[in-house]
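The residues making up each chain are set out below.
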2 protein chains.
Amino acid sequence: MRVPKIYLAGPDVFHPDARSLGERKKAMCARYGFDGLFPLDNELDLAGLPPARAGLRIYEANRSMMQIADLGIAHLTPFRGPSADAGTVFEVGYMTALGKPVYGYCNEPGDYLQRAQRRGCVASDVAGVRRDLDEMAIEEFALEDNLMILGGVLEHAEFVVHSAPEHARFTDLTGFEACLRRAAERFAHVLAQRDEAP
Amino acid sequence: MRVPKIYLAGPDVFHPDARSLGERKKAMCARYGFDGLFPLDNELDLAGLPPARAGLRIYEANRSMMQIADLGIAHLTPFRGPSADAGTVFEVGYMTALGKPVYGYCNEPGDYLQRAQRRGCVASDVAGVRRDLDEMAIEEFALEDNLMILGGVLEHAEFVVHSAPEHARFTDLTGFEACLRRAAERFAHVLAQRDEAP
């Protein structure tokens, strides 16, 4: 029987322990009956390539993983600003357009306005419209991140928020496991067929 | 004859002069033979909706615009951090997955490492791996932004960088017009059919 594949999107690849983080996620996927696809598993021969060519080869490999995946789980903790990692956000958009569910998890509580406030982005408030230093308005829709991200995730799946301790903001997998549980419920019929196979 | 439609993605919607910025972009699209679709053109009745519901309605309207568009032009100037606006990045991913070309333009020169350095994100450099305050590695592929964004744009279209004066970082349309010119070359056969129509 075919094992459903989960694309593991997130800034995890930038963490000093990226590979072991990926292994932990894949082991958890396996426990729930899924096959986890972690971007660093792509075995690419990038030796001798100019950096930009190497980067675009990684793009192509990740794109292929998203194309064969049945669903995604995206790590959407704020990254270098009030929003999630840009590469991960691209991937949420990509998989949403393919009609594949993308569960999202985030290790920092609060909505986008609160995230922006914590980072000192809110510079003015005229007539109830909060703006940053560039005078760009701050979104206030009581959603955790830009409305396109939440719209994409909620269109086919769910968004889970967990308040992780600061030292574990990029490694805490509580929210990740909650996504896995929900995905296992959703794919229960597929996973059951698998268990019944000889 | 059908006029090709361009989805106008970007943080322009957050600018104090968002509507006139949208009108300028649409007038330029018309000059090149295109129909520009600006998110604020969606006439949505959001009165009385809870904020999160209103946000998700805007998502749905933008998604519909992307679905009917033939191509996109995305404004990818760094926004509240070293990367482009998250909503725009989602849209680049979404349209790329649909196989639609998305031209990208950016009003700040430099690659991702330089953008991160300018914003004080680079906190350490051990064994040649630069990391931020969360110890997350900084991408170094000599690309302007996260490799997924560049990969998506370059897969079907082009990325244009223009060094705009600081006061015009979100309003300068030099790069936008360069994208329009390239799109007009690419869609020349469609635009020509249109001109020949009675």
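Described in the following lines is the structure provided in the data block. A quick note: this is a predicted structure, and the numbers were derived from the prediction, not measured.

**Topic: the overall build of chain A**
A tally of helices and strands in chain A yields seven helices and seven strands. Listing every helix and strand of chain A by position from the N terminus yields β-α-β-α-β-α-β-α-β-β-α-β-α-α. Every one of the 198 residues in chain A was classed for burial, and the buried ones make up 56%. Per element, the accessible surface of chain A, about 8,200 Å² overall, is 50% carbon and sulfur.

**Some thoughts on the relation of the copies chain A and chain B**
The transform that puts chain A on chain B rotates by 180° and translates by 0.0 Å along the axis, for an RMSD of 0.0 Å. Accordingly, the operation relating the two chain copies is best matched by a two-fold axis. The share of interface residues of chain A whose copies in chain B are also at the interface is 100%, consistent with both copies meeting through the same surface.

**With respect to the pattern of salt bridges**
The final tally for this structure, using the stated rule, is 30 salt bridges over all chains. The salt bridge involving Asp125(B) is made with Arg130(B); its shortest N-O contact spans 3.9 Å. Look at Asp125(B) and you get partly exposed, because its relative accessible area is 45%. Among the charged side chains, a salt-bridge network with shared partners connects Glu108(A), Arg118(A), Arg119(A) and Arg169(A).

**Quick look at helix α1 (residues 18-31) of chain A**
Residue and element names in this part refer to chain A. In a regular helix each residue adds 1.5 Å, so 14 residues correspond to 20 Å; α1 covers 20 Å between its end C-alpha atoms and thus fits that length. Of all the residues in α1, the buried ones are Ala18, Leu21, Gly22, Lys25, Met28 and Cys29. Each buried residue of α1 lies within a common arc of 125° when the element is viewed along its axis, so the set occupies one face. Structural note: α1 exposes Arg19, Ala30 and Arg31 on the side pointing more than 90 degrees away from its buried face. Looking one or two residues past α1, Gly33 carries a phi angle of roughly 95°, positive in sign.

**Observations concerning the interface of chain A and chain B**
Contacts between the two partners involve 58 residues from chain A and, on the opposite side, 59 residues from chain B. Linking chain A with chain B are four salt bridges, by the criterion used here. We note a salt bridge from Arg63(B) to Glu155(A), for which the minimum N-O separation is 3.0 Å. Put simply, chain A and chain B have 18 residue pairs in polar contact (both at pLDDT 80 or more) between them. Looking at the side of chain A that touches chain B, the elements with two or more residues in it are α2 (51-68), α3 (86-97) and α5 (147-156) of chain A.

**Brief notes about empty space enclosed by the protein**
Per the stated rule, a full pass over the model turns up one cavity of 30 Å³ or more. Surrounding the largest cavity, 25 residues form its lining, Phe79(A), Ser83(A), Ala84(A), Ser83(B) and Ala84(B) being those nearest its centre. When the residues that make up the lining of the largest cavity are grouped by side-chain class, the tally is 13 nonpolar, six polar and six charged.

**Examining the sheet that holds strand β2 (residues 35-37) of chain B**
All names here are of chain B. The strand order across the open sheet built from five strands is β2-β1-β3-β4-β7, with neighbouring strands paired in parallel fashion. At either margin of the open sheet sits one strand with a lone partner, and together these are β2 and β7 (159-161). Direction aside, the axes of adjacent strands within the sheet are offset by 20° on average. Sheet topology places strand β4 (residues 102-106) next to β7; three bridges connect them, and they run parallel. Looking at β7, one finds that Gly104 is bridged to Phe159. Most of the contacts of helix α6 (residues 174-186) go to β4, to which it runs at about 160°, and overall it touches β1 (5-9), β3 (71-75), β4 and β7.

**Some thoughts on the sheet that holds strand β1 (residues 5-9) of chain A**
All names here are of chain A. Judged by pairing direction, the sheet is parallel, and its five strands sit side by side in the order β2-β1-β3-β4-β7 without closing on themselves. Bordering the open sheet on either side are β2 (35-37) and β7 (159-161), each of which pairs with just one other strand. Across the sheet, the mean angle separating the axes of adjacent strands is 20° when strand polarity is ignored. Direction of pairing for β1 relative to β2: parallel, over a ladder of three bridges. Bridge pairing in β2 places Tyr7 opposite Leu37. Each of β1, β3 (71-75), β4 (102-106) and β7 touches helix α6 (residues 174-186); the most contacted strand, β4, lies at about 160° to it.

**A closer look at the nonpolar core**
As a rule of thumb, nonpolar side chains are buried together in soluble globular proteins. Leu76(A) and Leu76(B) are the most contacted members of the largest nonpolar core, which totals 56 residues. Leave out the neighbours within four places in its chain, and Leu76(A) touches Ala84(A), Thr88(A), Val92(A), Gly104(A), Tyr105(A), Cys106(A), Arg115(A), Ile149(A), Val153(A) and Phe159(A). One finds Phe34(B), Cys179(B), Leu180(B) and Val190(B) within the second-largest nonpolar core, a separate group that totals 23 residues.

Quick notes on the rules
Residues numbered from 1 in each chain as written. Chains lettered and ligands numbered in written order. Predicted model: local features only at pLDDT ≥ 70, side-chain atom pairs only at ≥ 80, totals over all residues. Heavy atoms only, no water. Helix = DSSP H or I, 4+ residues; strand = E, 2+ residues; numbered from the N terminus. Buried < 20%, exposed > 50% of the residue type's maximum accessible area, 1.4 Å probe, protein only. Areas by Shrake-Rupley, 256 points an atom, 1.4 Å probe, with all protein chains shown as cover. Least-squares fit on C-alpha atoms with pLDDT ≥ 70 in both. Contact = heavy atoms within 4.5 Å. Salt bridge = Lys/Arg side-chain N within 4 Å of Asp/Glu carboxyl O. Expected span 1.5 Å × (residues − 1). Arc of directions from axis to C-beta. Polar contact = N/O pair within 3.5 Å; in protein donor to acceptor, adjacent residues only side chain to side chain. 1 Å grid on protein atoms, 1.4 Å probe; cavity = no way out; pocket = protein on both sides within 12 Å on 5 of 7 lines; lining within 4 Å. Points joined across faces, edges and corners; volume = space filled by probe spheres on them. Nonpolar A, V, L, I, M, F, W, Y, C, P; charged D, E, K, R; others polar. Pairing = 2+ DSSP bridges. Axes fitted to C-alpha atoms, helices over the stretch in contact; angles between N-to-C directions. Core = buried A, V, L, I, M, F, W, Y, C linked by side-chain atoms within 4.5 Å.

Don't take any of this as a statement about function, it's just geometry.
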